[in-house]
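Tertiary structure, described
What follows is the residue order along each chain.
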Amino acid sequence: MVASQPGSEPGPPASGKPTDEVASEADEFVHDPVMCDEIVALAAPVPSGTFLDATVGGAGHAAALLDAHPHLDILGIDRDPVAVMTSTERLARFAGRYRIERLRFDEFDQLGSIPLSGFLFDLGVSSPQLDLGARGFSFRNDGPLDMRMDPDMPLSAFEVVNNYDERELAALIRRYADEKFAGRIAASIVARRPLASTSELAEAVVAAIPAPARRTGGHPAKRTFQAIRIEVNDELNILAPALESALDALSEGGRGMVLTYHSGEDRIVKSVFRNRTAVEQPPGLPVEAPTPDYRIVRPMARRPSDDEVATNRRSASARLRTIERRAA
C-alpha cells in the first residue's frame, strides 16, 4: 500500500511498473471531473471533518472541494498507482489537509474507524485510463489486453478474452453491458483466439454485430469493452459493500454522493440508498413509523448540464445520487 500523509513526500508506487514509467503516465493523467460544481455545492452544508474521495483519480473533485470548503479535509483512495502519484502531486498545495492511500474502495474500513463528513464515489473509468492505449481500456487506441485499474491484480482482459469459455463470455457481456448480441460476440471472440491487443478485440466485436446495428449507439465495441473491464476489476460486486461501509461511517448531517455511468451501477446505488431510507411499519400497531436515519437529498438523479456534455462528451451518461444522514 502506498500512503501519503498530509504534506509528506509520496512513496514509490507499489505496482509492477518501474517508477519512471508510472511518473510518465502521471504527467498525462488529465481528467475533467464530472459534475464538479454540483458536487461542490452539495458538500457545502456538511459538518467539518474528513471527506472521503473513494475514487480520487487525478484529484479534480478533491481539489475543488478543498478550494471551496475550508472546513473539509480529504481522504483520497484509489487502486491505480498512477492516480495515487498524480493526486498526491496535485494536492500538494493543500499541505495538512489531505491524505492519499492506495486501496480499493471496498477496503476503506482497513484504515480504521474514521468518521466521515461526506463521501464521493466517481465510478467507472477515467479519461486518462481510456486515452492511454498502454492501459488496455480503449477500443480506439491500440494496446495490450489489460484493463486492470490495479496493475498488480492477477486477472487481466487477456485472461478473460482468451481463457473464458464461450458461454462464460456471453453471460458476462450480457450481464454487464445489456448487449443483445452477446452470444454472437462471444462466438466471434472464441473463433479468433488468441487475441493479444485491444484492436483485435474490437475487430472481433464489430465483425459479430449486424451492419444496421453498427450505425447507431456509438462504437459497436463500447459495451463489450465495458463488460470485460467490469469483470476484470470486479467493479459491481464490490460496490454495495463499499457503500455500506461509507454510510456506516457517515456523521450526522453528512452527505454521500455517487456518480454512476451505466444502469448496473445505478441499480446497485439506488438499492443501497433505498434500503437505508426505508422504514418498515409494524403491521397492526397504532404507532407512528420511526424516521429513518438517512434521507435521499433529491428523488431523481441529477444529470450533467447540456453545456458540460458539450465540452466533455464522456459525462453524458453520468447520474449523480446523494444521500444524507439525518441529524439526531
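Fair warning: this is a prediction, and the values are worked out from it, not measured in the lab.

1. Section: the overall build of the protein chain
Each helix and strand in the protein chain was counted, giving 14 helices and eight strands. Across the 328 residues of the protein chain, 52% fall into the buried class. The contacts in the protein chain between residues at least 6 apart in sequence include a share of 71% that link residues at least 24 apart. Total accessible area on the protein chain is roughly 14,700 Å²; 50% of this is exposed by carbon and sulfur atoms.

2. Some words on helix H4 (residues 81-90)
Because an α-helix completes one turn every 3.6 residues, residues spaced three or four positions apart along the sequence face the same direction. Counting buried residues along H4, eight of its ten residues qualify, which places the element largely inside the surrounding structure. Buried residues of H4: Pro 81, Val 82, Ala 83, Val 84, Met 85, Thr 86, Ser 87 and Thr 88, and no others. A distance of 2.8 Å separates the backbone nitrogen of Val 82 from a side-chain oxygen at the start of H4, and that oxygen is part of Asp 80.

3. Examining the pattern of salt bridges
Applying the stated rule across the entire model yields 15 salt bridges. A salt bridge links Asp 67 to Arg 93, with the shortest nitrogen-to-oxygen separation between them at 2.9 Å. You can see Asp 67 sitting in helix H3 (residues 60-68) and its partner Arg 93 sitting in the loop between H4 and strand E4 (98-102), a full 26 residues away along the chain. Judged by relative accessible area, which is 47%, Asp 67 ranks as partly exposed.

Calculation notes
Residues numbered from 1 in each chain as written. Predicted model: local features only at pLDDT ≥ 70, side-chain atom pairs only at ≥ 80, totals over all residues. Heavy atoms only, no water. Helix = DSSP H or I, 4+ residues; strand = E, 2+ residues; numbered from the N terminus. Buried < 20%, exposed > 50% of the residue type's maximum accessible area, 1.4 Å probe, protein only. Contact = heavy atoms within 4.5 Å. Areas by Shrake-Rupley, 256 points an atom, 1.4 Å probe, with all protein chains shown as cover. Polar contact = N/O pair within 3.5 Å; in protein donor to acceptor, adjacent residues only side chain to side chain. Salt bridge = Lys/Arg side-chain N within 4 Å of Asp/Glu carboxyl O.

Geometric descriptors of this kind do not, in isolation, establish any biological role.
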